[in-house]
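Remarks on the overall topology
Here are the chains, one letter per residue:
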Amino acid sequence: MRKIAVLFFLIAAVGCKTDPKSTEEPSVETTSLMAGSDTLIYPEEKYFKSIRQITFGGDNAEAYWSFDDSMMLFQSNNKEWGMECDQIFLMNVSQNFKDSIPPMISTGMGRTTCSYFLPDNKHFVYGSTHLVDKECPEVPLRSNGKYVWPVYESFDIFVADLEGNIVDQLTDLPGYDAEATVSPKGDKIVFTSMRSGDLELYTMNLDGSEVTQITDELGYDGGAFFSPDGSKIIFRASRPKTEEAIAEYKELLSQGLVQPTEMELFICDADGGNLKQLTFLGNANWSPFFHPSGKKILFSSNFEAEKGFPFNLYFIDIDGKNLERVTHGETFDAFPVFSNDGKYLAFSSNRNNGGTRDTNLFIAEWQE
């Protein structure tokens, strides 16, 4: 649940399947677009050797690599593709969709989120609300004047093949189950669930067995990813401390809402042990992902912002030291995900959107 449309509003203030067409584009290795009128790479962005824009309209995010780095899954609500809310799409990494539509591989019903490849590169997991309602659920943006994210109790986690056929349902308890990602070791899934009465992290086997709760502190725990060796988990969390903050959190949660404006990063072992807070920056720190070395985290934050924006990407070591700014935009950069071979970074950005609210996908060639 990494709501892009909602996030744009946060920044500003603090169905039937289509017939897919695909167009092959030059490979990542041969395409280099530097800063200029296109503003794809800003001068200070030293880690980007080259960059490609993948989508050109709507809200596009959570682009995750197949285990062999040949394909990606992402979610989009692009109205020009006939979408009324987020659905899951499949692409080869050499493609872009300026003049074509990628194949949709979710059901086209309900709202979807957080797709992630399984190790066989033939199946994926994702969250969907379609069993409860085939229509897109309402998206509340405010509660008592404050920005909120919905945590729909109708979300469950499914397994589908790359043709969009659901082959398994991994969760079926009442309440929110979503945000599933897979360990690079290919043995475990981590996800967020409301089954305890609070939004906690759980792990399970790829077939949905051996569900284990790994966090138990009051607050929203989500957006979790495994380290490259599968030994650690990084995630975002809210931790209300005052009586007023706790009461507000519980009241919003009873309405199926969370407030995403104050989040920090936490890190723990894969079994939940050795939990520690990694950032103490204030504002919203989220969408963390491990660097291929496993020794530092790339994440999105607006901690330097006075009015809620911009969000940029930052590095921090897993011991909380050596904070470094990576992107230098004036609006929104988030959802960084390294390829398994460490050569590329996929992320979402408002750059080069012609002054619209569009959030598009980009793939950068990485250099250090």
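Predicted model only: the values in this text are computed from it and were never measured. (Residues numbered from 1 in each chain as written. Predicted model: local features only at pLDDT ≥ 70, side-chain atom pairs only at ≥ 80, totals over all residues. Heavy atoms only, no water.)

What holds strands together in a sheet is hydrogen bonding between their backbones, with the strands either parallel or antiparallel. Reading across from one edge, β16-β17-β19-β20 is the order of the 4 strands in this open sheet, with antiparallel pairing throughout. Of all strands in the sheet, those bounded by a partner on one side alone are β16 (221–226) and β20 (276–277). (Pairing = 2+ DSSP bridges. Helix = DSSP H or I, 4+ residues; strand = E, 2+ residues; numbered from the N terminus.)

Looking now at the pattern of salt bridges. If you walk through the whole model with that rule in mind, you get 12 salt bridges. Of the charged contacts, one joins Asp177 and Arg195 as a salt bridge, the two residues approaching to 2.9 Å between their closest N and O atoms. Taken together, the residues span a long stretch of sequence, with Asp177 in strand β12 (residues 177–182) and Arg195 in the loop between β13 (188–193) and β14 (200–205) at a distance of 18 residues. Judged by its relative accessible area of 27%, Arg195 falls in the partly exposed class. With a closest N to O distance of 3.6 Å, Arg236 and Glu179 form a salt bridge. (Salt bridge = Lys/Arg side-chain N within 4 Å of Asp/Glu carboxyl O. Buried < 20%, exposed > 50% of the residue type's maximum accessible area, 1.4 Å probe, protein only.)

For the largest pocket, the calculated volume is near 590 Å³. Residue lining of the largest pocket: 24 residues in total, with Ser238, Arg239, Pro240, Ala245 and Glu262 positioned closest to the centre. For the lining of the largest pocket, the elements supplying multiple residues, two or more each, are β8 (146–147), α2 (243–254) and β19 (264–269). The biggest single contributor to the lining of the largest pocket is α2, with 4 residues. Class assignment for the residues of the lining of the largest pocket results in 10 nonpolar, 7 polar and 7 charged. (1 Å grid on protein atoms, 1.4 Å probe; cavity = no way out; pocket = protein on both sides within 12 Å on 5 of 7 lines; lining within 4 Å. Points joined across faces, edges and corners; volume = space filled by probe spheres on them. Nonpolar A, V, L, I, M, F, W, Y, C, P; charged D, E, K, R; others polar.)

Remark: a regular strand shows side chains that alternate across the two faces of the sheet. Relative to strand β11 (residues 166–169), strand β10 (residues 156–161) runs antiparallel, the two being bridged by 3 bridges. Following the sheet pairing, Val159 is matched in β11 by Asp168. In sequence, β10 turns back onto β11 through a hairpin of 4 residues, with Gly164 there showing a positive phi of about 95°.

Quick look at the side chain of Asn360 now. Among the secondary structure elements, Asn360 is positioned in strand β27 (residues 360–366). The exposure class assigned to Asn360 is buried, which follows from its relative accessible area of 1%. Among the polar contacts listed, one links the side chain of Asn360 to the side chain of Thr55, at a separation of 2.9 Å. Every residue in contact with Asn360, bar those within four places of it in the chain, is listed here: Gln53, Thr55, Phe56, Gly57, Asn60, Phe347, Ser348, Ser349 and Asn353. (Polar contact = N/O pair within 3.5 Å; in protein donor to acceptor, adjacent residues only side chain to side chain. Contact = heavy atoms within 4.5 Å.)

Another aspect to go through is the state of the cysteines. Taken as a whole and judged by the stated rule, the model has 1 disulfide. Each disulfide pairs two cysteine sulfurs, and for Cys85 the partner residue is Cys136, the sulfurs being separated by 2.2 Å. Residues Cys85 and Cys136 are joined by a disulfide whose S-S torsion is about -80°; by sign, that bridge is left-handed. Taken together, the positions of Cys85 in the loop between β3 (71–76) and β4 (87–92) and Cys136 in the loop between β6 (123–128) and β7 (142–143) put the pair 51 residues apart, joining distant regions of the chain. Judged by relative accessible area, which is 3%, Cys85 ranks as buried. (Disulfide = S-S within 2.5 Å.)

Here we take up the packing of aromatic side chains. This model, assessed by the stated rule, comprises 30 aromatic pairs. Note on Trp149 and Trp286: the rings are 6.2 Å apart at their centroids and 65° apart in plane angle, and the pair reads as edge-to-face. Note that Trp149 is positioned in strand β9 (residues 149–150) and Trp286 in strand β21 (residues 285–290), a separation of 137 residues in sequence. Pairwise contacts between aromatic rings join Tyr47, Phe48, Phe315, Phe338, Phe347, Phe362 and Trp366 into one cluster. Across the ring face of Tyr202, the terminal group of Arg195 is positioned such that the distance to the ring centre comes to 5.4 Å. Taking NZ or CZ as reference, Arg239 lies 4.9 Å from the ring centre of Phe266, over its face. (Phe/Tyr/Trp six-rings, centres within 6.5 Å; stacked < 30°, edge-to-face > 60°. Lys NZ or Arg CZ within 6 Å of the ring centre and 35° of its normal.)

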